[in-house]
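Now for the letters of each chain:
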Amino acid sequence: MAQLEDCSGFSGQLVTLESVLQTLREQENVETVIEITLRHLKRESDFNLVWIGLCDPAKPILIGQGGTAPEDTPLLKQRIPISPGDLLDQVLVQQRPIGVPDLRAESRAGEWRKAAEKLNIQGTILFPIRYKDHSFGLALLGSHLWGVSPRAGEMAKLLMLLRALGAVLNQIEVETQRQRAKRSDQPLLALLAKLGTLPNLTQRLEAVVGQTHQFIDPARTSIYWFEPERGCFRPRVSQAATGNSSRRGQQSSSEILAQDISGFYQAMSANQMVAVSEAQSMLKADVTGRLMQQLKARSLLAAPVLSQDELLGFLAVEGSEPRIWEEAEKSYLRGAAQLVGLTAPLEKLEKTIWQTQRDQLLQSGLTRAIYTDDDWKETLKQSANQLCKHLQAERLLVLLLNPDTGRFEVCHQQQGPQGRPLKEVLNPLSSVDWQMLERSTEAIAIENLPDNLKLMAWREALLELGARSLLVCSTCIGRPLEGLLVICDKTNRSWRPQDRQVVQGVSQQLGLILHQWQLQRQNNQQQQIQQTTQQGIVAIQQTRNLVDLEQVGLQQITQLLQVPLAAVVRWSPGQDHGWIITPPTTSKQFALQTETAISLTDPLIRLALEPRQQQTSSAMHPGLRLLSVEDLAPETRRWLIGAEIGQIGVMALQTAPEHLPAGIVLVADKRGRRWSELQLGAFIALVNQLAWSYRTIQLATSLQQKTQDLECLNWYRQRRLEAIYRSISEGSDQLKELATQQTSTADTGTIPELTRVLTGTETRAALAGPAEPGPSLPKDSYQSVAEQLQGALAAMIALIEEDWQLRVQYEAVVLPAFLKRVFDRVDPWTRQRQLWLQVHNRANVTLRGDLGKIELILLELLQAACSRSPVGGRIDIWSQVLDQQQLELLITDNGTLAPRLLLELQQGDNRDVLAPSVLEQPPGRYLKICRTVIQQLGGQLKTSQLADGRVLNQLILPLTTKS
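From a predicted model like this one, the values you see are computed outputs, not experimental measurements.

What counts as what
Residues numbered from 1 in each chain as written. Predicted model: local features only at pLDDT ≥ 70, side-chain atom pairs only at ≥ 80, totals over all residues. Heavy atoms only, no water. Phe/Tyr/Trp six-rings, centres within 6.5 Å; stacked < 30°, edge-to-face > 60°. Helix = DSSP H or I, 4+ residues; strand = E, 2+ residues; numbered from the N terminus. Buried < 20%, exposed > 50% of the residue type's maximum accessible area, 1.4 Å probe, protein only. Lys NZ or Arg CZ within 6 Å of the ring centre and 35° of its normal. Axes fitted to C-alpha atoms, helices over the stretch in contact; angles between N-to-C directions. Parallel < 35°, antiparallel > 145°, perpendicular 65-115°, else oblique. Contact = heavy atoms within 4.5 Å. Pairing = 2+ DSSP bridges. Core = buried A, V, L, I, M, F, W, Y, C linked by side-chain atoms within 4.5 Å. Left-handed = near helix turned anticlockwise from the far one by under 90°. Nonpolar A, V, L, I, M, F, W, Y, C, P; charged D, E, K, R; others polar. Arc of directions from axis to C-beta.

1. Some details on the packing of aromatic side chains
Each aromatic ring pair is described using two quantities: the centre-to-centre distance and the angle formed by the ring planes. Overall, the coordinates contain 10 aromatic pairs when judged by the stated rule. Note on Phe226 and Tyr265: the rings are 5.4 Å apart at their centroids and 40° apart in plane angle, and the pair reads as tilted. Of this pair, Phe226 sits in strand E7 (residues 220-227) while Tyr265 sits in helix H8 (residues 262-269), and the two are 39 residues apart along the sequence. The exposure class of Tyr265 is partly exposed, given its relative accessible area of 28%. Here Phe233 and Phe314 contribute two aromatic rings whose centre-to-centre distance is 5.2 Å and whose plane-to-plane angle is 65°, an arrangement assigned as edge-to-face. Of the two residues, Phe233 is situated in strand E8 (residues 232-240) and Phe314 in strand E13 (residues 310-319); the sequence distance between them amounts to 81 residues. In this pair, the class of Phe233 matches that of Phe314, namely buried. Through pairs of rings, three or more aromatic residues link up here, namely Tyr224, Phe226, Phe233, Phe264, Tyr265 and Phe314. The aromatic ring of Trp225 is capped on one face by Arg236, whose charged end is 5.3 Å from the ring centroid. A cation over a ring is seen here: Arg719 above Tyr926, with NZ or CZ 4.7 Å from the ring centre.

Written out as structure tokens, the structure reads:
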């Protein structure tokens, strides 16, 4: 029953809440909405403290809207500041409810903490009042109980109520802004129509000020006129809040010097509006502070008055209180200022237009010359001639910046018949002159060069040319320097503003073609460097041995950097010194002491091997160290002996910090040489590729050598084990035969002894004969079998000793005996296939070497010849002494070999080791192993196919001629 009553009560609360929400949606007044919300909170909640505060849009303040408290407190209607990080700020920023167990103990509660102590408020919940991501304020609900929090149902109702309140406040704000929004188009159109009816400038200015004052409603509206001769702004027309318009052009006390408000003046000259108040500012406070002091205003909105890009003054509205200027007000003021610019005196406009047209005629002629002539040098010549005639100047220079050196190179120059050209490259400018040229928005005039402090780095060179006055302008105003147009005169000349404008216009036109030419040159250089780098990387990657790799790498680096010296100092792991490797064509002026070992403690080596995180080189070029010859230690100069060496770059051949470096790469050139960023980046790429190729070749060589050694060892052991097995098998067969004969002739007492012989438990006793006399076979038979078995065991011991690598055991034997021993072993194969084995030109020479391995190689070749020969075929062997050290054996057979096998045998080490190969399976594998082993023994093996189809194996063996 109690649950039914609770449900009924909850349903009634929902109905009440829905009614309140509907009422809120119908309201259009903030006060009414807040009052309805507070009334519902007082009636439906059990909290002792209820308060709602709304945010001030201009300041970090919550404005109290009222509420209820245990006793009267003024805090409900006061303005409460919000401090960053306090409790109120956290709720507004996070936009979610926050509970406080005891508001009295909350240090971040600010004023509410003091109020909580007075009102005995403990458990408190703060709810944000928001709509989407926009916070309008917050609601504070407090209780006398500690840590109290509403139940889930109550929390849901509170959130619904406060979210509905936020939505209604947003709706009211949007509607209010819509009603308050100003439209600037209608007043501007009306002002434009009115200006057309007024006879003179003064009346037009008064009309603009009056209409602006009426639309924006500031404390004062004024037009300030700029007087360039005096460098000041003078108030021309002004209207205060009283509505009286007055002309104040004669009040010198109200003049504002441009130098006192340089930041504001620059903004006006750049056609930028300035909005200043205590809440917002488009300029820094230190820029506008002096202006605000002179105007005695706390807010300001100003728009420049320009005519033909010339600053005539500005239109300003001033406020005595802080004010946030609306976009409509800014739009109107800019439009009104532009209308003022159109009302400048007609005679001045006509004169300016006439002068501008004349200058534009020159510039348009230059423009046509630029865009109709394919030869840019000829274009520069035509432009220079026209400009010198127009300005009646003695000399013209077009300078291009070299970004690698910071110097300015003469791209084109024009001088009189008696003038001599400038042949030298101009030194880098000081930082002050650089910033002056880069920041200037017009041509810079120097009327007396000897007495002027500008362009000090060029003064001596220009004075030697006879220049006394200059006009200098960047070819790309508003962007980093790329080039300069310099006009020189031999007299101390006062340059007119029109002259500056012409030079500025021409310099911009010249800048277009120079910029395009430089971009094309940079693009060509970049493509060339990229192509050279790619070719270098490919060439390095295709190199298969270290000797060729060093020469190819140095050749590619030399070609890339265009340096007279590129060298490698290389060492093997574990060594404490390295050796210099240079191309064979190194100049004597850049020579190195290649005969001397370089200690790894050398300062230059240690500098290159420093960990990259400890190096001070540019982050763009990690691992690369650039230094001059003056930075080298004396011990380094002992081997870096070239007299012309001035600039040096070094980098370690190291693939990773945990890998040992293989050496360093060193490049050198004359003093003053600077490499471009593209070249340095490409150089690092080549060195890194060279380092990886070093490591790859070393690893591949090591692994291939180990694989080759293990293959040879495995083949050798296999064949030796086969021979040992045959020997032991033959001995076992003989023992069995002896045992059978012994059994048929001897008494039973001999059988156990023979069994022990066969089983090997007492081999020595068996070989020695029975313990007691009795009928037995001759001891010589047992002795022969024992010797055979002992020989097999000795061969096994020798085989075991060759662990992990083949060992060379030198022997000597005459060729006939050696061949007979081989033929005896190959006899079963020839008889099985009915082959005819014939030896021709049997030389009586002595072979010297590891005969056991040579015998196995010859057996391998003969066995392969037998297996591929047809039944009844023939195998021929020719022997021939090549010289005192070598014997040639030619083995031919009528068998066939796969063409692919022959091709891969001929390719040798040049084939792709990762590709599937017939050399990985017999018989190709055994032929490859035999070739490797015979090379290790000082011989050679070649397999080919004769024109008649026979297979030829050419075996060259070491020998010693028999005396």
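2. Structural notes on unusual backbone geometry
Look at the link from Pro922 to Pro923: it is a cis peptide, with omega at 5°. The topology assignment puts Pro923 in the loop between helix H25 (899-907) and helix H26 (924-936). A positive phi angle, near 60°, is found at Asn120, a position not held by glycine. For Asn120, the position within the fold is in the loop between helix H4 (111-119) and strand E5 (124-131). On the accessibility criterion, Asn120 (34% relative accessible area) is partly exposed. Non-glycine residue Gln392 carries a positive phi angle of around 55°. As for its position among the elements, Gln392 is in the loop between helix H12 (376-391) and strand E14 (395-401). Look at Gln392 and you get exposed, because its relative accessible area is 65%.

3. Some details on the packing of helix H7 (residues 201-216) against helix H10 (residues 327-342)
At a closest axis distance of 11 Å, the pairing of H7 and H10 adopts a crossing angle of 175°. With respect to H10, the element H7 is oriented roughly antiparallel. Each of Leu205, Val208, Gln211, Thr212, Phe215 and Ile216 in H7 lies in contact with H10, whose residues at this interface are Ala328, Glu329, Tyr332, Leu333, Ala336 and Val340.

4. Things to note about the pairing of strand E23 (residues 647-652)
Among the 6 residues of E23, 5 are classified as buried, and the element is accordingly described as predominantly covered. Of the strand pairs in this sheet, strand E22 (residues 625-628) and E23 are connected by 4 bridges, and their pairing is antiparallel. Each residue of the ladder has a partner; that of Leu626, found in E23, is Gly649. One ladder, built from 6 bridges, connects E23 with strand E24 (residues 663-669); its direction is antiparallel. In the strand pairing of E24, Gln647 is matched with Asp669.

5. Section: the sheet that holds strand E16 (residues 444-446)
Spatial strand order, E15-E14-E18-E17-E16: 5 strands in an open sheet with antiparallel pairing. Since the sheet does not close on itself, it has two edges, and those belong to strand E15 (408-415) and E16, each with one partner. If you compare each strand with its neighbour and ignore which way they point, the axes differ by 15° on average. In the sheet, E16 pairs with strand E17 (residues 469-474) via 3 bridges, with the strands oriented antiparallel. Residue Ala445 lies in a different strand from E17, and its bridge partner there is Leu471.

6. Some details on the sheet that holds strand E1 (residues 49-55)
Taken in spatial order, the 6 strands of this open sheet run E3-E2-E1-E6-E5-E4, and their pairing is antiparallel. Two strands in the sheet have a free side with no partner beyond their single neighbour: strand E3 (79-81) and strand E4 (98-100). Strand-to-strand, the axes of this sheet are offset by a mean angle of 25°, without reference to chain direction. Where E5 meets strand E6 (residues 134-142), 8 bridges bridge the pair, whose relative direction is antiparallel.

7. What about the environment of Val563?
Tracing the backbone through its elements, the reader meets Val563 in the loop between helix H16 (546-561) and strand E19 (565-570). It is 6.5 Å that separates the C-alpha atoms of Val563 and Ala668, two residues lying 105 residues apart in sequence. When sequence neighbours within four positions are dropped, the list of residues in contact with Val563 reads Thr558, Val667, Ala668, Asp669, Arg673 and Trp675.

8. Observations concerning the nonpolar core
Residues Phe818, Leu847, Leu862 and Leu955 are the most contacted members of the largest nonpolar core, which totals 46 residues. The set of elements that each furnish at least two residues to this core consists of helix H19 (677-745), helix H23 (815-832), helix H24 (851-868), strand E28 (874-881), strand E29 (886-893), H25, H26 and strand E31 (951-960). Top contributing element to this core by residue count: H24, with 10 residues. For Leu847, the contacting residues outside a window of four places in its chain are Glu811, Ala812, Val813, Leu815, Phe818, Leu887, Leu957, Pro958 and Leu959.

9. Regarding the environment of Glu635
Its location among the elements puts Glu635 in helix H18 (residues 634-637). Residues Glu635 and Ser599, 36 residues apart in the sequence, show an inter-C-alpha distance of 9.9 Å. Excluding anything up to four places from it in sequence, Glu635 contacts Asp602 and Pro603.

10. Looking at the packing of helix H6 (residues 185-195) against H7
Packing of H6 against H7 leaves a shortest axis separation of 10 Å and a crossing angle of 160°. The angle between the axes of H6 and H7 places the two elements in the roughly antiparallel class. As for the relative orientation of H6 and H7, their crossing is right-handed in sense. For the pair formed by H6 and H7, the contact residues are Pro187, Leu191, Lys194 and Leu195 on the first element and Arg204, Ala207, Val208, Gln211 and Phe215 on the second. Of the residues contributing to the contact of H6 with H7, the split by class is 6 nonpolar, 1 polar and 2 charged.

11. Some details on H6
Among the residues making up H6, those that are buried are Pro187, Leu188, Leu191 and Leu195. Projected down its long axis, H6 carries its buried residues within an arc of 100°, all on one side. Seen from the open side of H6, the exposed residues pointing more than 90 degrees away from its buried face are Leu189 and Ala193. Looking at the buried side of H6, the elements it contacts are H7 and H10.

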